[in-house]
Amino acid sequence: MSVNRHPRLLTAGITFRDFVISGIDQLPRLGEERYGTDFVATWGGVANTARIAASLGAQVELLTGLGDDPNSQMCRQELTDWGINLAPIPVNPGWALPVTMSQACGTERAMTTVEAALPAPLPAPNLDGVDVVVTHVSVPADTWLHEAAGAGIPVIADHGFEDEYESGLLDAVSGCTCYTPNAIEAMHLTGADDPVRAARALAEHVPVVVVTCGGDGIVGVDSRTGEEIHVPVVAINPVNTTGAGDATLAGLAWSWGWQVPFARKLDVAALVGAIVTSRAHGTADPLTPEDVLAWVPRAPERLGFLTELLG
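Residues numbered from 1 in each chain as written. Predicted model: local features only at pLDDT ≥ 70, side-chain atom pairs only at ≥ 80, totals over all residues. Heavy atoms only, no water.

Draft legend 1. Highlighting the overall build of the protein. Per the secondary structure count, the protein includes 11 helices and 15 strands. Its C-alpha radius of gyration of 18 Å places the protein within 12% of the 19 Å reference for a compact globule of 311 residues. In terms of its C-alpha atoms, the protein occupies a principal-axis envelope of roughly 45 × 45 × 40 Å. Within the protein, the fraction of its 311 residues that count as buried is 51%. By sequence separation, contacts in the protein at least 24 residues apart represent 65% of the contacts at least 6 residues apart. Of the roughly 13,500 Å² of accessible surface on the protein, a fraction of 52% belongs to carbon and sulfur atoms. Seen as two clouds, the 16 positive and the 37 negative side-chain charges of the protein have centres 6 Å apart. (Helix = DSSP H or I, 4+ residues; strand = E, 2+ residues; numbered from the N terminus. Rg over C-alpha atoms; globule rule 2.2 N^0.38 Å. Buried < 20%, exposed > 50% of the residue type's maximum accessible area, 1.4 Å probe, protein only. Contact = heavy atoms within 4.5 Å. Areas by Shrake-Rupley, 256 points an atom, 1.4 Å probe, with all protein chains shown as cover. Lys, Arg positive; Asp, Glu negative; His and termini not counted. Charge placed at Lys NZ, Arg CZ, Asp CG, Glu CD.)

Draft legend 2. Summary view of the nonpolar core. Val133 and Leu306 are the most contacted members of the largest nonpolar core, which totals 96 residues. Beyond its immediate chain neighbours, meaning those up to four positions away, leucine 306 contacts Trp258, Val268, Leu271, Val292, Leu293, Val296 and Gly311. (Core = buried A, V, L, I, M, F, W, Y, C linked by side-chain atoms within 4.5 Å.)

Draft legend 3. Seen up close, the side chain of arginine 51. Here arginine 51 is to be found in helix α1 (residues 46-56). Look at arginine 51: it is buried, it has no salt bridge, and the nearest opposite charge is aspartate 18 at 7.1 Å. Here the side chain of arginine 51 touches threonine 42 through a polar contact of 2.9 Å, side chain to side chain. For arginine 51, the side chain forms a polar contact with the main-chain oxygen of threonine 283, separated by 2.8 Å. Beyond its immediate chain neighbours, meaning those up to four positions away, arginine 51 contacts Thr42, Trp43, Leu79, Trp82, Ile84, Thr283 and Ala284. (Salt bridge = Lys/Arg side-chain N within 4 Å of Asp/Glu carboxyl O. Polar contact = N/O pair within 3.5 Å; in protein donor to acceptor, adjacent residues only side chain to side chain.)

Draft legend 4. Spatial organisation of the sheet that holds strand β2 (residues 15-22). If you walk across this open sheet you meet the four strands as β3-β2-β8-β9, and the pairing is mixed. Each end of this open sheet is capped by a strand with a single partner; those strands are β3 (38-45) and β9 (108-114). Within this sheet the neighbouring strands show an average axis-to-axis angle of 20 degrees, counted without direction. In terms of strand pairing, β2 meets strand β8 (residues 99-105) through five bridges, oriented parallel. For aspartate 18, the partnering residue across the bridge sits in β8 and is threonine 100. Along the sheet face, α1 touches β2 and β3 and points at about 100 degrees away from the line of β3. (Pairing = 2+ DSSP bridges. Axes fitted to C-alpha atoms, helices over the stretch in contact; angles between N-to-C directions.)

Draft legend 5. Layout of the packing of aromatic side chains. Enumeration over the complete set of coordinates arrives at two aromatic pairs. Arginine 51 extends its terminal NZ or CZ atom over the ring of tryptophan 82, reaching a point 5.3 Å from the ring centre. (Phe/Tyr/Trp six-rings, centres within 6.5 Å; stacked < 30°, edge-to-face > 60°. Lys NZ or Arg CZ within 6 Å of the ring centre and 35° of its normal.)

Draft legend 6. Local environment of the sheet that holds strand β15 (residues 227-231). Taken in spatial order, the nine strands line up as β6-β4-β1-β10-β11-β12-β13-β14-β15 in an open sheet, and their pairing is mixed. Every other strand in the sheet has two partners, leaving β6 (85-86) and β15 as the edge strands with one partner each. In terms of strand pairing, strand β11 (residues 155-158) meets strand β12 (residues 178-179) through two bridges, oriented parallel. The residue bridging isoleucine 156 from the neighbouring strand is cysteine 178, located in β12.

Draft legend 7. Main features of the pattern of salt bridges. Applying the stated criterion across every chain yields a total of 10 salt bridges. Aspartate 25 serves as the salt-bridge partner of arginine 34, at 2.8 Å between the closest nitrogen and oxygen. By relative accessible area, which is 27% here, arginine 34 ends up partly exposed. Salt bridges here are not isolated pairs; linked through shared partners, they connect Asp25, Arg29, Glu32 and Arg34.

Draft legend 8. Structural view of the packing of α1 against helix α7 (residues 244-255). Across the interface, α1 lies against α7 with an axial gap of 8 Å and an inter-helix angle of 45 degrees. Judged on the interaxial angle alone, α7 and α1 are oblique. Our pair here, α1 against α7, has a crossing hand that is right-handed. Residues Asn48, Thr49, Ile52, Ala53 and Leu56 of α1 form the contact with α7, whose own contacting residues are Asp246, Ala247, Leu249, Ala250 and Trp254. (Parallel < 35°, antiparallel > 145°, perpendicular 65-115°, else oblique. Left-handed = near helix turned anticlockwise from the far one by under 90°.)

Draft legend 9. Representation of helix α3 (residues 143-150). Those residues of α3 that fall on the buried side of the exposure criterion are Trp144, Leu145, Ala148 and Ala149. Taken down its axis, α3 places every buried residue within 140 degrees of arc, on the same side. Exposed and facing more than 90 degrees away from the buried side of α3 are Thr143, Glu147 and Gly150. Where α3 is buried, its residues touch β1 (8-13), β4 (59-64), β10 (132-136) and β11. One or two residues past the end of α3 sits glycine 152, with phi positive at roughly 100 degrees. (Arc of directions from axis to C-beta.)

No statement about biological role is implied by the geometric values presented.
This is the structure we're talking about:
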């Protein structure tokens, strides 16, 4: 087995300024005050995936919207300090980076967001030398995404919607290589009554479908090979699930080009998401290959292959 530990990733989508309180024993009701144990101010949305992938060793470029507000200025500086290359993008005068307040309680979280639509679409990037594109896809999808997938560059797409979805979403993701909804999203989109059937239905439109199922692990269907995989969750004590899906996406993108079975890539994705979820600061803290290897003794039969690849 061989791996490229430093793939070139292009991450594209909207960045959020996240304020996260974790360690809450119960989410508050209206009029009630509850207390947490940890607080962190960080960068969410596609920046979650960019930061975790960069800390794992990927060479990351971020294509995102920035305004002329203080949060946008801080975002540019802090992500650059993380070693992330911000793609050439115009500043949008009068537009402010979206802000989310998240309260994390075990496996649950509640979020409130202030967001205005980006006034102009993200410009088409230079894809020379890019190994994988990771995007929080817009609806309709940017033309360059489908062109990249058609040219053979893997495009991994996410688009969260929870209870409702935008008309045209299936068309947007169908031109990509891989779509990564959670179980609720996959079932809403397809009308299927369980995540496995939903993944199968989506795989009729998208070559690879990876459905995250929380405590039930990950379901993957690769219509190109006929593989159908279900990997279990990595056992953890959940502390902060904010950005867990974005971290899982980073693990999948980091390992996408590895010459290992599909199931092993899903194991990497599950492990990265689990480690981040077990930390009070979640995606705000770096996650190194050494951190990944430290978890191998907890499940050596499942994760032992990582010692050979990363040790």
